[in-house]
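Summary of structural features
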Amino acid sequence: MSGDYNADGKDDVAVLYNGGTSADGKFVSSLYTFASNGTAFSNPRKTWTSSGSFNWNATKPTSADYNGDGKDDVAVLYNRGTSADGTHQSALFTFASDGTDFAAPREVWTSTGSFSWAASQPVSGDFTKDGKGDIGVLYRSGTSADGRRLDSLFTFVSTGTDVKAPVKQWTGSVI
Ligand SMILES: [Ca+2]
Ligand SMILES: [Ca+2]
Ligand SMILES: [Ca+2]
């Protein structure tokens with residue numbers, strides 16, 4: 001992902017890294033940041049590592065300033081799997097940047113109905129122009145009666161602390 005994590009006006013690069021599995025069976029993930037000085041990048045620095053289990057294979061990261069403090073943050077759409085009745089369960093975590101490191105992930109949204117991580121492609125942008133980054137998800141919603149692929153666009157608007165429930169902005173087919 002890209003964003004200005006230390007708020008010096010120069011966008012940096014962050015990498016969500018798969019740290020494998022710990023001895024006690026927890027999934028380990030970490031964030032590394034490459035800070036830009038305008039011409040080159042610093043060596044990667046570990047800016048967060050999971051304490052509980054956080055499975056990299058269940059993540060789709062994106063980045064924006066979700067709390068509007070001037071420092072870009074990281075968000076992860078997380079796959080919670082499928083319940084016995086076939087309901088796809090997803091969650092959204094944000095990692096707030098303090099300018100140096102990232103805070104532990106906070107769960108800002110949990111799906112209530114079925115919301116499939118596998119069908120989702122998250123992006124970020126301030127769609128409401130209030131200074132707080134929002135999240136958009138292009139969602140594969142199925143196939144039309146005449147066999148065309150159907151997609152939807154959802155937005156999760158940031159309140160500065162959490163995100164509002166997803167709103168479906170569009171459903172259609174582009175091919
Ligand atoms: Ca920067
Ligand atoms: Ca921020
Ligand atoms: Ca916004």
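Not measured: the values here are computed from a predicted model. (Residues numbered from 1 in each chain as written. Chains lettered and ligands numbered in written order. Predicted model: local features only at pLDDT ≥ 70, side-chain atom pairs only at ≥ 80, totals over all residues. Heavy atoms only, no water.)

**Some words on the coordination of the calcium ion (ligand 2)**
Around the calcium ion (ligand 2), the donor atoms from the protein are Asp65 (OD), Asn67 (OD1), Asp69 (OD), Lys71 (O), Asp73 (OD) and Asp73 (OD), and they sit 2.2 to 2.6 Å away. In this structure, the calcium ion (ligand 2) is coordinated by 6 donor atoms arranged in irregular fashion, with angles at the metal of 53 to 170°. Within one chain, the residues serving as donors to the calcium ion (ligand 2) are arranged as D-x1-N-x1-D-x1-K-x1-D. A residue is classified by how much of its surface remains accessible, and aspartate 73, at 2% relative accessible area, is buried. (Donors = N, O, S within 2.8 Å, 3.2 Å for Na, K, Ca; no water. Tetrahedral: all angles 85-135°; square planar, octahedral: opposite > 155°, others 65-115°. Buried < 20%, exposed > 50% of the residue type's maximum accessible area, 1.4 Å probe, protein only.)

**Focus on the coordination of the calcium ion (ligand 3)**
Within the first shell, the calcium ion (ligand 3) binds the protein through Asp126 (OD), Thr128 (OG1), Asp130 (OD), Lys132 (O), Asp134 (OD) and Asp134 (OD), at distances of 2.2 to 2.7 Å. Taken together, the 6 donor atoms surrounding the calcium ion (ligand 3) define angles of 51 to 172° at the centre, an arrangement classified as irregular. If you list the donors of the calcium ion (ligand 3) from N- to C-terminus, the spacing comes out as D-x1-T-x1-D-x1-K-x1-D.

**Focus: the environment of valine 157**
Along the chain, valine 157 falls in the loop between strand E11 (149-156) and strand E12 (167-172). Distance in space between the C-alpha atoms of valine 157 and serine 30 is 26 Å, their sequence separation being 127 residues. With sequence-adjacent residues up to four places away left out, valine 157 is seen in contact with Thr128, Asp134, Asp162, Val163 and Lys164. (Helix = DSSP H or I, 4+ residues; strand = E, 2+ residues; numbered from the N terminus. Contact = heavy atoms within 4.5 Å.)

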